[in-house]
Amino acid sequence: MGPKTSSSDHADISPSSVNHILLAFLFIGLLLRVGVALQLPRIAHPDEIFQSQEPAHRLAYGYGVISWEWRDGVRSWVFPAFLAGVMRATSWMGAGSSGYLLGIKLVLSLLSLTTVAFSFAVAKRENGIDAAIIAAGTCALWYSLVDFGPRALIEVVSAHVLLPGLYLGVYAEKLDERKRLFAAGLLCGLAVCLRIQMAPAVAFAIAYFCHPAWKRRIPPVALGLLVPLVGFGFADAVTWSYPFESFVRYFWINLVQGRSAIYGSDPWYWYLGVALPLALGPIFILAFFGLRRSAFLSWLALILVASHSVIPHKEARFLYVLWPIAITLAAMGMVDLAAAVNARRKSPLSSRAVVLACLSLPVIFLAGAAIGYHYLGDVSGSMSVFDRLSRDSTVCGVGMAKLWWVDPGGYTHLHRNVPIVFLPKEVMFRADVAFVEPKIYEADESEMNQTAASFNALVSAGTLAHPPVGFVLQGCWNKACLYQRPGICAPAGDDEINTLLKRAGM
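Residue numbering note: each chain is counted from 1, following its sequence as written. This being a predicted model, a pLDDT of at least 70 is required before a residue's local features are given, and a value of 80 or more before pairs of side-chain atoms are given or counted; all residues contribute to the totals for chains, interfaces and linings. Side-chain numbers here rest on the full set of heavy atoms in the structure, without hydrogens or water.

## Regarding helix H10 (residues 199-210)
How we decide: Numbering of helices and strands starts at the N terminus; helices are DSSP runs of H or I of at least 4 residues and strands are runs of E of at least 2. Under the convention used throughout, the expected extent of a helix is 1.5 Å for every residue step, that is, one less than its residue count. We call a residue buried when its accessible area falls under 20% of the maximum for its residue type, exposed when it is over 50%, and partly exposed in between, using a 1.4 Å probe and counting protein chains only. Any two residues having at least one pair of non-hydrogen atoms within 4.5 Å are treated as being in contact.
When the terminal C-alpha atoms of H10 are compared, their 16 Å separation across 12 residues agrees well with the 16 Å that a helix rising 1.5 Å per residue should span. The complete set of buried residues in H10 reads Ala201, Val202, Phe204, Ala205, Ile206, Phe209 and Cys210. Buried residues in H10 make contact with helix H8 (154-170), helix H9 (177-194), helix H11 (214-239) and helix H15 (295-309).

Structure below.
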């Protein structure tokens, strides 16, 4: 395929200026992602802690909360092993848990910039410099990409790996063919190994890479695919029982036995009718105007939506990979719409005016999201308290009252090898406690005092009417309060959180 041209592809903009614009967007995107992650901390979904960072903490430091997925062997240890390395390498950046938490945010934010680079490069190829600037700027600024980019979620990281693979496979003809196709296969294979639901879209992408010169192109792509497949298979054989065991057990437990149905299900049209419009706003509509510019991205988007729509359990984040693709299509569509409008005007809008007008859209939505996120920070208070306790060497046990067990972020944020005690423990076993929206009950005074010997720090959602004897309120942060007492702790026994989680099957 040769490069496409457009009336908006300006010859008066030097290559160095275009590169400077891209670098500026990359820098802005990085600042926003790290800044939002640090200033507005929250858990978008428990998986970003307990499916990645918590097992990573176990690998790096030997202890952590163990959820059912890691007891039943439905997850690969490859991504947690990567994060464990980041933890060890960046722990010097701050006291307690703050150092490696910052390190993880920085590394994942840097990786998330593939969305900006991909959108810029593809839009420039397909519809010129104006489309490239709009696409890259929107990916750098779009509120949902800024929010999710630094998160340790498998579907997010998989998307960040897949996008450069797609570019290398389709658009990078100037590079040596065998090398770029090997790299494309490796990245696409890694994306599938991280998230198996990517397989239909990756299968289409590989066919697109190899057509029509199948005999020449299949070997380097296949070799690239083989590298992560062998790596993940070997990792399962070492950490579980046999190669690809986590993939087999994931399919069997979630789809055949229906475990994923516990977390809810939605109709087939939910992504198109609810999730994508909410995540993308007007971008969702504008993307349809750019479909004609790229058959590859159009078919890829269709396959992603269709393959995810047939799976009953749906979440907006599962189609994170589609967000930068839709933004790229929308940017090309906006340039075409502007050209159509200019053709009817006596005094056409300048290219600069069109670009600035289009970039005002993500700025407005980012500002609105910043106001909204301010009200989502209430549950982050318990994480802040755990972060504070991670720097307190006197802590010998931590109690949790009126909190869901995922809210404080586990040992990823506590970073103290001490028991976590969940109060009241009966909440784990009540039939009316849902996984997604649990009802929180306050332990009575007698249970508090009976269990209080096993911890000397108590974190609560709000103040307690009757804190355990000897505990004094130290302060509250975003509605999460910390009580502490002097002295040592007795063994937690069956009240320890991992014991309770195992008994509850959670």
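## Focus on the state of the cysteines
Put simply, the rule is: We call a pair of cysteine sulfur atoms a disulfide when they lie within 2.5 Å.
Summed over all chains, the structure comprises two disulfides. Across the disulfide, Cys396 is cross-linked to Cys489 (sulfur-sulfur distance 1.9 Å). Here the disulfide of Cys396 and Cys489 is right-handed, its torsion about the S-S bond being about 70 degrees. Pair noted here: Cys396 is in the loop between helix H18 (380-389) and strand S1 (398-401) and Cys489 is in the loop between strand S5 (480-484) and helix H21 (497-504), with a separation of 93 residues, a long-range link.

## Digging into the packing of helix H6 (residues 114-141) against H8
Heads up, the condition is: Axes here mean lines fitted to C-alpha atoms, for a helix over just the part in contact, with angles spanning 0 to 180 degrees between N-to-C directions. Note on angle classes: values under 35 degrees are labelled roughly parallel, values over 145 roughly antiparallel, values of 65 to 115 roughly perpendicular, and the remainder oblique. By definition, turning the near helix anticlockwise from the far helix through less than a right angle yields a left-handed crossing, and turning it clockwise yields a right-handed one. Polar here means any residue outside two lists: the nonpolar Ala, Val, Leu, Ile, Met, Phe, Trp, Tyr, Cys and Pro, and the charged Asp, Glu, Lys and Arg; Gly therefore counts as polar.
Relative to each other, H6 and H8 sit at 25 degrees, their axes nearing to 9 Å. With respect to their mutual orientation, H6 and H8 come out roughly parallel. Remark: the crossing between H6 and H8 carries left-handed chirality. For the pair H6 and H8, contact is made by Thr114, Thr115, Phe118, Ala121 and Val122 and by His160, Leu163, Pro164, Leu166 and Tyr167, respectively. Residues belonging to the contact of H6 with H8 are distributed by class as follows: seven nonpolar, three polar and no charged.

## Examining the sheet that holds strand S3 (residues 457-461)
Short version of the rule: Paired strands, in this sense, are two strands between which DSSP finds at least two bridges.
Ordered in space as S2-S1-S3-S5-S4, the five strands form an open sheet in which the pairing is mixed. Strands with a single pairing partner mark the edges of an open sheet, and in this sheet they are strand S2 (420-423) and strand S4 (472-477). This sheet shows a mean twist of 20 degrees between the axes of neighbouring strands, independent of strand direction. Relative to S2, S1 runs parallel, the two being bridged by four bridges. Along S2, the bridge assignment pairs Met400 with Phe422. Here H18 sits on the sheet and contacts S1, S2, S3, S4 and S5; the angle it forms with S5, its principal contact strand, is near 35 degrees.

## A word on the packing of aromatic side chains
Our working rule: Note on aromatic pairs: the rings of Phe, Tyr and Trp (six-membered ring only in Trp) are paired at centre separations within 6.5 Å, and the planes decide the class, stacked below 30 degrees, edge-to-face beyond 60, tilted for the rest. Geometrically, a lysine NZ or arginine CZ counts as sitting over a ring once it is within 6 Å of the ring centre and also within 35 degrees of the ring normal.
The tally for this structure, following the rule as stated, stands at 22 aromatic pairs. These aromatic residues form a ring-pair network of at least three members: Tyr167, Tyr171, Phe204, Tyr208 and Phe296. Across from the ring centre of Phe148, 5.8 Å away, lies the NZ or CZ of Arg151, which sits over that ring. Across from the ring centre of Phe318, 4.5 Å away, lies the NZ or CZ of Arg195, which sits over that ring.

## Comments concerning H18
Of all the 10 residues making up H18, eight are buried; the element is thus mostly covered by neighbouring parts of the structure. Among all positions of H18, only Ser380, Gly381, Ser382, Met383, Val385, Phe386, Asp387 and Leu389 are buried.

## Structural notes on the packing of H6 against helix H16 (residues 322-344)
Two numbers describe a pair of packed helices, the interaxial angle and the distance between the axes. At a minimum axis separation of 10 Å, H6 and H16 run at an interaxial angle of 40 degrees. Our classification of the angle between H6 and H16 gives oblique. Viewed along their axes, H6 and H16 form a crossing whose handedness is right-handed. Taken together, the residues of the contact of H6 with H16 sort by class into 14 nonpolar, five polar and three charged.

## A few points about a nonpolar patch on the surface
Filter applied, for reference: Here a patch means residues that are over 30% exposed by relative accessible area and free of salt bridges, tied together within 9 Å if like-charged and within 5 Å if nonpolar (Val, Leu, Ile, Met, Phe, Trp, Tyr). The protein chains shown are the only cover counted for residues, whose accessible areas, like all others here, come from Shrake-Rupley with a 1.4 Å probe. One speaks of a salt bridge when a side-chain nitrogen belonging to Lys or Arg is within 4 Å of a carboxyl oxygen belonging to Asp or Glu.
A cluster of nonpolar side chains, Leu223, Leu226, Leu229, Val230 and Phe244, forms an exposed patch at the surface whose accessible area comes to about 430 Å². Within the secondary structure, Leu223 is located in helix H11. Among the residues examined, Leu223 registers a relative accessible area of 49% and is labelled partly exposed.

## Quick word on the pairing of S4
Pairing of S4 with S5, which is carried by five bridges, proceeds in the antiparallel orientation. Note that in S5 the partner of Cys476 across the bridge is Cys481. Counting the residues in the hairpin turn of S4 and S5 gives two residues, including Asn478, whose phi is positive at 50 degrees.

## Points about the pairing of S5
Among the five residues of S5, five are classified as buried, and the element is accordingly described as predominantly covered. Going residue by residue along S5, you find Ala480, Leu482 and Gln484 tucked away on one face and Cys481 and Tyr483 tucked away on the opposite face as well. As defined by bridge partners, S3 adjoins S5 across five bridges and the pair is classed as antiparallel. Looking at S5, one finds that Ala461 is bridged to Ala480.

## Overview of the confidence of the model for the chain
Any region with low pLDDT has predicted coordinates that should not be read closely. This is how it is decided: The predictor reports its confidence for every residue as pLDDT, a score running from 0 up to 100.
Per-residue confidence for the chain gives a mean pLDDT of 89; residues scoring 70 or more make up 91%. The model gives residues 1-9 a pLDDT under 50, and that stretch makes 19 contacts with residues more than four places away or in other chains.

## Here we look at the pattern of salt bridges
Here the structure, examined in full by the defined rule, presents 11 salt bridges. The salt bridge partner of Glu48 is Arg151, with a shortest N-O separation of 2.9 Å. Residue Glu48 is found in helix H2 (residues 47-61), and its partner Arg151 is found in the loop between helix H7 (143-148) and H8; the two are separated by 103 residues along the sequence. Per residue, the accessibility class of Glu48 equals that of Arg151, and both read buried. Put simply, Arg292 and Asp336 hold a salt bridge, and the shortest N to O gap is 3.1 Å. Taken together, the residues Arg292 in the loop between helix H14 (282-289) and H15 and Asp336 in helix H16 connect sequence positions 44 residues apart. Salt bridges linked by common partners bring Arg42, Glu48, Asp147 and Arg151 together as one network.

## Concerning unusual backbone geometry
Looking along the chain, the bond that leaves His211 and enters Pro212 is cis, with omega of 0 degrees. Among the structural elements, Pro212 can be located in the loop between H10 and H11. Phi at His415 takes a positive value of approximately 50 degrees, unusual for a residue other than glycine. Within the secondary structure, His415 is located in the loop between helix H19 (410-414) and S2.

## Remarks on the nonpolar core
Our working rule: By nonpolar core we mean a set of buried residues, namely Ala, Val, Leu, Ile, Met, Phe, Trp, Tyr and Cys, connected to one another through side-chain atoms within 4.5 Å.
Core analysis: the largest hydrophobic core is formed by 110 residues, its most contacted members being Val116, Leu166, Phe209, Phe296, Leu304 and Ile325. If one sorts the elements of this core by residue count, H6 sits on top with 15 residues. For Phe296, the contacting residues outside a window of four places in its chain are Leu166, Val170, Tyr171, Phe204, Ala205, Tyr208 and Phe209. Phe50, Val418, Ala480 and Leu482 belong to the second largest nonpolar core, which has 29 residues in total.

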